[in-house]
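Structural description and commentary
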Amino acid sequence: MHSLGPQWMDPQYLLTSFGSQFFWFSALIVFIECGLLFPILPGDSLLFAVGLFISTGQVHLNIVLACVILSAAAFLGNVVGYEIGRAVGAPLYERDGRFLKKRYFDQTNAFFDHHGNKALVIGRFVPVVRTFITVVAGIGRMDRRRFFTWSLVGAVLWATGITLLGYFLGQAFPVLQDNLELAVLAIVAVSLVPALVEYLRHRRRVHAMADETADAVEDVRGDR
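**Considering the overall build of the protein chain**
A tally of helices and strands in the protein chain yields 11 helices and 0 strands. A total of 224 residues make up the protein chain; the buried ones form 42% of that total. Of all intrachain contacts in the protein chain linking residues separated by at least 6 positions in sequence, the fraction that spans at least 24 positions is 78%. Within the structure as shown, the protein chain displays about 11,800 Å² of accessible surface, and the carbon and sulfur contribution to it stands at 64%.

**Some remarks on the side chain of N78**
Positionally, N78 belongs in helix α4 (residues 63-88). In this structure N78 touches C34, R124, R130, T134, F147 and S151, once residues within four positions along its chain are discounted.

**Some thoughts on the packing of aromatic side chains**
Following the criterion strictly, the structure yields 8 aromatic pairs and no others. Taking 6.2 Å as the distance between ring centres and 75° as the angle between the ring planes, the aromatic pair formed by F75 and F148 counts as edge-to-face. In this pair, F75 sits in helix α4 while F148 sits in helix α9 (residues 144-172), placing the two residues 73 residues apart along the sequence. Aromatic side chains Y82 and F148 sit 6.4 Å apart centroid to centroid with 65° between the ring planes, which places their arrangement in the edge-to-face category. With Y82 in helix α4 and F148 in helix α9, this pair connects stretches of sequence that are 66 residues apart. F148 sits in the partly exposed class, given a relative accessible area of 27%. Taken together, F75, Y82, F147 and F148 form an aromatic cluster joined through their ring pairs.

**A word on the confidence of the model for the protein chain**
With 60% of its residues at a pLDDT of 70 or more, the protein chain has an overall mean of 76. No element of the protein chain has a lower mean pLDDT than helix α11 (residues 193-223), which averages 60, and none a higher one than α4, which averages 92.

**Focus on the nonpolar core**
One finds F22, V30, L70 and W158 to be the most contacted residues of the largest nonpolar core, which totals 31 residues. At the level of elements, α1 (11-18), α2 (22-35), α3 (43-55), α4 and α9 are the ones that each hand at least two residues to this core. Ranked by residues supplied to this core, first place goes to α4 with 9 residues. With residues near it in sequence (within four places) discarded, V30 still touches L47, L70, A73, A74 and W158.

How each quantity is defined
- Residues numbered from 1 in each chain as written.
- Predicted model: local features only at pLDDT ≥ 70, side-chain atom pairs only at ≥ 80, totals over all residues.
- Heavy atoms only, no water.
- Helix = DSSP H or I, 4+ residues; strand = E, 2+ residues; numbered from the N terminus.
- Buried < 20%, exposed > 50% of the residue type's maximum accessible area, 1.4 Å probe, protein only.
- Contact = heavy atoms within 4.5 Å.
- Areas by Shrake-Rupley, 256 points an atom, 1.4 Å probe, with all protein chains shown as cover.
- Phe/Tyr/Trp six-rings, centres within 6.5 Å; stacked < 30°, edge-to-face > 60°.
- pLDDT = per-residue confidence, 0-100.
- Core = buried A, V, L, I, M, F, W, Y, C linked by side-chain atoms within 4.5 Å.

As structure tokens, then:
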């Protein structure tokens with residue numbers, strides 16, 4: 001799937017390369033993306049592909065067990081990310097490297113401030129945000145019980161939901177097996193919708209504040 005990125009982001013290539021270990025490699029990728037600060041990983045597409053490959057018999061694993069394991073990997077990744085943020089804190093934010101960029105933290109922090117607790121659920125479906133939101137929660141020392149509860153809800157909805165989507169679509173439309181690239185492209189596009197919505201809302205708020213400031217300035221000038 002070269003048109004979507006390097007080979008290691010192509011589920012079909014990974015299935016061919018890892019064979020019977022493909023599922024466990026996918027679970028590892030989900031864990032890393034959700035907690036170890038590597039945001040550019042194919043989490044959404046791998047979850048969808050796992051469900052699709054199980055439905056077509058290319059991966060021999062019970063779909064319920066697969067969903068449980070993937071949800072656990074997503075949740076445990078969040079726990080690790082939270083503890084990293086809680087332990088390391090501000091120095092992690094100040095680092096502006098190749099993968100850890102301050103703007104990622106700033107975007108995630110704004111997302112968290114806007115959505116509150118439910119950000120841990122909604123953020124699961126937003127690339128980059130799902131990687132950094134748990135670290136931001138740790139840096140802010142969010143209550144552990146509250147964090148674990150909402151993270152678990154988000155992990156199940158994300159990992160189980162997308163995996164089941166691939167599974168049932170694979171059963172209903174076997175042709176997807178021959179058009180996996182298009183299906184994954186659609187999943188990636190849909191996953192970017194929340195980020196686009198947040199961007200547009202942010203622009204509206206910025207423009208509204210600018211208009212209010214301009215009106216205030218004009219009022220002051222008028223009083224003079």
